[in-house]
Amino acid sequence: MTYFDKISFNDVKLSRPQPGEWRYNRDEKFQTFADFQKTRKIIPVQEKNTIYLQPIGEFNDLQKKEIILTKEYLKTYFQLETKVLPILSSNIFPKSVKRIFKDGQEQILAGYVLDSVLMNRKPKDALVLMGITERDLFPKPEWNYVFGLASYEKGVGVTSMYRFADGNLTEANFTQSLGRLIKISSHEIGHMFGISHCLNANCVMNGTNSLTETDSHFARACSLCQQKLNSSTCYNNNKRLLDLKSFFENQHLNSELSKVQKDLNTLN
Ligand SMILES: [Zn+2]
Ligand SMILES: [Zn+2]
């Protein structure tokens, strides 16, 4: 039995979608492993094997800590070198891509961040460049806000941490906000690596319509999504689990910790 067969016993079946949830009125196709293999995707090669994070905005110490921990998590989750680039100030945004939302907060046009900020800053060895901003983002004038935006083939994306902490990151909501940021960023990079929305089990690759829905998804990739990930990156599955275990332990992400522990127990 393979590693993936063994841990598949710990996959948790998806429940029937409720109104408002991602799967409720969408008819997405189940991506099998064979489908995945035929998909166009980003694959790490020796000269291009690093995930870069580009912080954009004015960050306080707690927000900086959240970014460093997200870097550590992505390095662990993908088992790839992950680096944080020097912070870019939000004064790189021209007036024309900013607006004031009804809550009084300044918002940035997400597409501008992708096309005009990130695309031409991708380091030579970058497999993926993921912008992280503390500003709220909007995708187009008629939309209220968006958590992030990505161009999957180009390996470029941006995520806003603003709403993960309801606009105010504190010691009290830090763990919850970090849990959301690591899920959303590993999900988006997962898409870049060719993994479609997961219909196999409760999984970080499940589609989501809201933070409540994101909170109900595991950070754990299900056995099928792990198989897809591993076929591109060829890491040691056991080492990855042990690395994840120590990350979740250190960050008191206890429900994720218990899932990793369950997988480790199943393997032994
Ligand atoms: Zn998605
Ligand atoms: Zn999955």
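Just so it is clear, the model here is predicted, and its values are computed rather than measured.

**A word on the coordination of the zinc ion (ligand 1)**
- Only H187 (NE2), H191 (NE2) and H197 (NE2) from the protein reach the zinc ion (ligand 1) as donors, at distances of 2.0 to 2.1 Å.
- One chain supplies every donor for the zinc ion (ligand 1), spaced along it as H-x3-H-x5-H.
- The class of H191 is buried, set by a relative accessible area of 13%.
- With a relative accessible area of 15%, H197 lands in the buried category.

**What to know about the sheet that holds strand 4 (residues 106–109)**
- What the 3 strands build is an open sheet, ordered 3-4-6; its pairing is mixed. The outermost strands of the open sheet, each flanked by one partner alone, are strand 3 (98–100) and strand 6 (136–138). Pairwise comparison of adjacent strand axes, ignoring direction, gives a mean angle of 40° for this sheet.
- As paired strands, strand 4 and strand 6 are joined by 3 bridges and run parallel to one another. If you follow I108 over to strand 6, its bridge partner there is L137.

**A few points about the packing of helix 8 (residues 237–250) against helix 9 (residues 254–267)**
- At a minimum axis distance of 9 Å, the contact between helix 8 and helix 9 shows a crossing angle of 150°. With respect to each other, helix 8 and helix 9 are oriented roughly antiparallel. You can see that helix 8 and helix 9 cross each other, and the crossing is left-handed. Counting all contacts with helix 8, which are made through N238, L241, L242, L244, K245, F248 and E249, the residues of helix 9 involved are E256, L257, V260, Q261, D263, L264 and L267.
- For the contact of helix 8 with helix 9, the per-class residue count stands at 8 nonpolar, 2 polar and 4 charged.

**Quick look at the packing of aromatic side chains**
- Counted under the stated rule, the structure contains 11 aromatic pairs.
- Consider the rings of F33 and F36, whose centres lie 6.1 Å apart with planes at 25°: the pair is stacked. Separated by 3 residues within a single helix, F33 and F36 lie in helix 2 (residues 33–38), roughly one turn from each other. Each member of the pair, F33 together with F36, is buried.
- Centre to centre, the rings of Y73 and Y77 are 5.8 Å apart; their planes meet at 35°, and the pair counts as tilted. Of the two residues, Y73 and Y77 both sit in helix 3 (residues 61–78), 4 residues apart, roughly one turn of that helix. Neither Y73 nor Y77 differs from the other in exposure class; each is buried.
- By way of ring pairs, the aromatic residues Y73, Y77, F78, F193, F247 and F248 are connected into one cluster.
- One residue, R26, lies across the ring of W22, its end atom 3.4 Å from the ring centre.
- Seen from the ring of Y77, R240 lies directly overhead, with NZ or CZ sitting 4.6 Å from the centre.

**A short note on unusual backbone geometry**
- Positive phi, close to 55°, is recorded for Q79, a residue that is not glycine.
- We classify Q79 as buried; its relative accessible area is 18%.
- One non-glycine residue, H252, adopts positive backbone phi at about 55°.
- Mapping H252 onto the fold places it in the loop between helix 8 and helix 9.
- We classify H252 as exposed; its relative accessible area is 56%.

**Considerations on the layout of surface pockets**
- Estimates place the volume of the largest pocket at around 610 Å³.
- For the lining of the largest pocket, the secondary-structure elements that each account for two or more residues are strand 7 (148–151) and helix 5 (174–192).
- Tallying contributions element by element places helix 5 first for the lining of the largest pocket, with 5 residues.
- Residue composition of the lining of the largest pocket, by class: 11 nonpolar, 11 polar and 2 charged.

About the criteria used
- Residues numbered from 1 in each chain as written.
- Chains lettered and ligands numbered in written order.
- Predicted model: local features only at pLDDT ≥ 70, side-chain atom pairs only at ≥ 80, totals over all residues.
- Heavy atoms only, no water.
- Donors = N, O, S within 2.8 Å, 3.2 Å for Na, K, Ca; no water.
- Buried < 20%, exposed > 50% of the residue type's maximum accessible area, 1.4 Å probe, protein only.
- Pairing = 2+ DSSP bridges.
- Helix = DSSP H or I, 4+ residues; strand = E, 2+ residues; numbered from the N terminus.
- Axes fitted to C-alpha atoms, helices over the stretch in contact; angles between N-to-C directions.
- Parallel < 35°, antiparallel > 145°, perpendicular 65-115°, else oblique.
- Left-handed = near helix turned anticlockwise from the far one by under 90°.
- Contact = heavy atoms within 4.5 Å.
- Nonpolar A, V, L, I, M, F, W, Y, C, P; charged D, E, K, R; others polar.
- Phe/Tyr/Trp six-rings, centres within 6.5 Å; stacked < 30°, edge-to-face > 60°.
- Lys NZ or Arg CZ within 6 Å of the ring centre and 35° of its normal.
- 1 Å grid on protein atoms, 1.4 Å probe; cavity = no way out; pocket = protein on both sides within 12 Å on 5 of 7 lines; lining within 4 Å.
- Points joined across faces, edges and corners; volume = space filled by probe spheres on them.

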